[in-house]
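# Structural description and commentary
What follows is the residue order along each chain.
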Amino acid sequence: MKKLPLRNRSLALLAVILPLLALFIYVALRSGPLAPVAVTLETVEAQELRPALFGIGTVEARHTYRIGPTVAGRLARLDVHVGDLVTAGQVLGEMDPVDLDDRLRAQESVLRGAQASLREAEARRTHARTQARRYEQLFAVRSSSEELMTTKRQELEIAEAGLASAREALEGARSSLEGLVAQRTDLRLIAPADGLVAARDVEPGTSLAGGSTVLEIIDPASLWIDVRFDQIGAAGLAAGLPARIVLRSRDGRSSSGRVLRVEPKADAVTEELLAKVRFDAIPQPLPPVGELAEVTIELPPLPEAPVISNAALRREGDRIGVWQVVDGGLRFTPLVLGASDLEGRMQVREGLEAGDRVVAYSEKPLGAKTRIQVVDRIPGGPR
Amino acid sequence: MISLAGRDILHAWGKFVFTGLGLGLLIGVTLVMAGVYRGMVDDGKALLDNSGADLWVVQKDTLGPYAESSSLNDDVYRSIRAMPGVARAANATYLTMQVRKGDGDVRAMVVGIAPGQPASTPGWPPYLVAGRQITRAHYEAVADVASGFALGDRIAIRRNHYTVVGLTRRMVSSSGDPMIFIPLKDAQEAQFLKDNDAIRQSRRRTAANPVFSRPGQPGVLEAVIASQSTNAFVNTVLVRLEPGHAADAVADAIRRWKRLTVYTRPQMEDILVGKLIATSARQIGMFLAILAVVSAAIVAFIIYSLTMDKIREIAVLKLIGTRNRTIAAMIMQQALALGVLGFVVGKISASLAAPYFPKYVLLVPLDSIAGFFAVLVICVLASLVAIRIALAVDPAEAIGG
């Protein structure tokens, strides 16, 4: 093999060295801390903004009826199960009456006895009245003594008093009986309204304290969402605003609703506002009480104003603003911001005009002296 | 005057270039190793920069929130906010955990950020590379691109699903795990919420305790269970100072009056760099030293063998009466040229390879300059051995062979 002439060899060496040197300079200036920072720009646009609020809450029933005995006792029977629909007035179960029926019968006997006593007293009075009238007539023609007439009158008065006493005794016995009947009725567990049995806490045979709960009935038509909104950014929350409700089990499908009321008391510990949101139409099948729901409240649209993305916001010292591109260089522009929506767009009250160019995304933190390179997408970012 | 060294390089230029490339790759590895160390330190600093805080208030006598666990009541920030010199105070939680997406998972540091305005609230990512900042108080996430998540992805943290709405860059924990920002309330839940089985077990345990479920007091059990499932703790309160207030003075005031531990920026850097990554840094420093020694040895060998290859030519040079100085200059010039070539190749390969490392590699220009001079010094020292041999050669060898 013939060796290359010297001149050609130096050319070959140069052909290796020169590109290497060029690459070196490129690498030294284009990577690492000396490289310009890639940024993307956005143009400030005047837009209408539809702010919205986002909160989460749970499905609750507005009317929940807890049914149970008023006095201590044992549960005798329970006719309904969880999920049953009940109507107002329906007997759902009964407490064990123990001796109440016997007392009822005894009281009936007492009542009948009182009725008999009344009849007796009436008979006595009728007789006493007849006697008294007769002796009055006899005394008028002087064929009887005054003493005898007075005695008969007294007998009549006694008989009348006996009759009144018998009447009262009868009333007393009747009222006692009614009282026992009322107690007997009270042992039955009765649905106060139409609804759905949501819980059956105890089974027949259980001894219960007065006031404990046996059944829980909810009114399915009264389901609402107990929503919590963070106090920051909850301005504008008011009754009557339309809402979109997404239940955790029905991800992706939303129901419409409306804010029923904003609670006058906020949660001081969690720093949240509370509100109740009602479904426009209760979804079927019924969402279970306690299910998590995401609620988005649409606020009335705001008039047109310059709008930026919240990704463009930066902090310099204690000022909040954006990096504005002016004549190819960067300038920090402090802003006064207005409302924002859930898509991350923010209204600018002061600082920018529509048409201004600001930095949206950057590869690194920026400064006034940073060299920038405007790109469509930050390299190394999302593919 | 012709350059003997240049002539000799041209004579065997292929060998020279390939030796230079090989040496360059070795130098590249050394530079990358230095970059790995700088990257680790920078990860720690990035963590502090990104939090946007001047002071970190943590549980008393802990090194939290990054180096140790710390927990504070989440209403402490209100009283800190009221201290003089404090411009802003915001709760934050940090928890390193596996974040699931589909079948896979990614190790990430989940950061809970307090609700507020982006940029002005400490803890929020200071800049994005795509998407937008969080606007909803629940179930939205901003992830670092290093996590591999894309906009619109649904990721699972504990039992909740979050939609990725924004992407950041260089938002990493001190160990280089990508950060995922989620709203504070969700993060508090993620940090302390047990799995459903554990919750059920705990409820049963409570219910079995006769103290809590007494007959005739039906509400007690519910109340106890409700109180067990609340969490009102955060890991740290990030504080930003009002302009004109000294960090140390405000930190002292908080320490004194709130009886909490407070770290300033230099103290926090000290914890992260001095304590958290100290062992790894020493490990890398050791490796760097070994690599430098190995590189020096290899350079010496290369120069030595290059000289030995042309020992006959050197003998001829001596025979024709060339001065020792000229011969020494030739060898040293060659060694330096090799070093320069090697450094250029090394710098290029390191710069091109750096972005592909799983953890951040930061190539600092000053490191490169120092490396350049180190390479030259090593080359000079290595060539001294070769020069000694070359000068000691007997001119008779040129004919003797």
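What counts as what
Residues numbered from 1 in each chain as written. Chains lettered and ligands numbered in written order. Predicted model: local features only at pLDDT ≥ 70, side-chain atom pairs only at ≥ 80, totals over all residues. Heavy atoms only, no water. Patch = residues over 30% accessible without salt bridge, like charges linked within 9 Å, V, L, I, M, F, W, Y side chains within 5 Å. Areas by Shrake-Rupley, 256 points an atom, 1.4 Å probe, with all protein chains shown as cover. Salt bridge = Lys/Arg side-chain N within 4 Å of Asp/Glu carboxyl O. Lys, Arg positive; Asp, Glu negative; His and termini not counted. Charge placed at Lys NZ, Arg CZ, Asp CG, Glu CD. Helix = DSSP H or I, 4+ residues; strand = E, 2+ residues; numbered from the N terminus. Domains from an automatic or database assignment. Contact = heavy atoms within 4.5 Å. Buried area = accessible area lost by both parts, 1.4 Å probe. Polar contact = N/O pair within 3.5 Å; in protein donor to acceptor, adjacent residues only side chain to side chain. Nonpolar A, V, L, I, M, F, W, Y, C, P; charged D, E, K, R; others polar. Core = buried A, V, L, I, M, F, W, Y, C linked by side-chain atoms within 4.5 Å. Buried < 20%, exposed > 50% of the residue type's maximum accessible area, 1.4 Å probe, protein only.

A word on a positive patch on the surface. Side chains of R200, R203, R204 and R205 of chain B sit close together on the surface and give a patch of like positive charge. With respect to the element layout, R200 of chain B can be found in helix α5 (residues 196-208).

Let us look at the domain arrangement of chain B. Residue and element names in this part refer to chain B. As assigned here, chain B comprises domain 1 (2-43 + 278-400), domain 2 (60-193 + 230-259) and domain 3 (195-229). Once you take the C-alpha centre of each, domain 2 and domain 3 turn out to be 32 Å apart. Of the residues lining the interface, four residues belong to domain 2; the matching set on domain 3 comes to seven residues. When domain 2 packs against domain 3, the two sides together hide about 330 Å² of surface, and 34% of this comes from carbon and sulfur. Of all residues in domain 2, R159, L193 and T230 give up the largest surface area on contact with domain 3, accounting jointly for 100% of the area buried on that side. Here domain 2 is connected to domain 3 by zero salt bridges. For the pair domain 2 and domain 3, the interface holds zero residue pairs in polar contact (both at pLDDT 80 or more). Residues belonging to the side of domain 2 that touches domain 3 are distributed by class as follows: one nonpolar, two polar and one charged.

All names here are of chain A. Taken domain by domain, chain A holds domain 1 (37-49 + 303-374), domain 2 (52-60 + 220-302), domain 3 (63-97 + 188-217) and domain 4 (100-185). One C-alpha centre belongs to domain 1, the other to domain 2, and the line joining them spans 33 Å. Listed by partner, the interface residues are eight residues for domain 1 and six residues for domain 2. Taken together, both faces of the contact between domain 1 and domain 2 bury some 510 Å²; the carbon and sulfur share is 66%. Linking domain 1 to domain 2 there are zero salt bridges. Across the contact surface, domain 1 and domain 2 share one residue pair in polar contact (both at pLDDT 80 or more).

On to the nonpolar core, then. All names here are of chain B. Residues Y66, V99, I157 and I180 are the most contacted members of the largest nonpolar core, which totals 55 residues. Per-element accounting of this core gives the leading share, five residues, to strand β4 (residues 104-113). If we skip the residues at most four places from it in the chain, I157 touches M97, V99, R100, V110, Y162, I180, I182 and A190. Counting residues in each nonpolar core, the second largest holds 41 residues, with L10, V17, V32 and I311 among its members.

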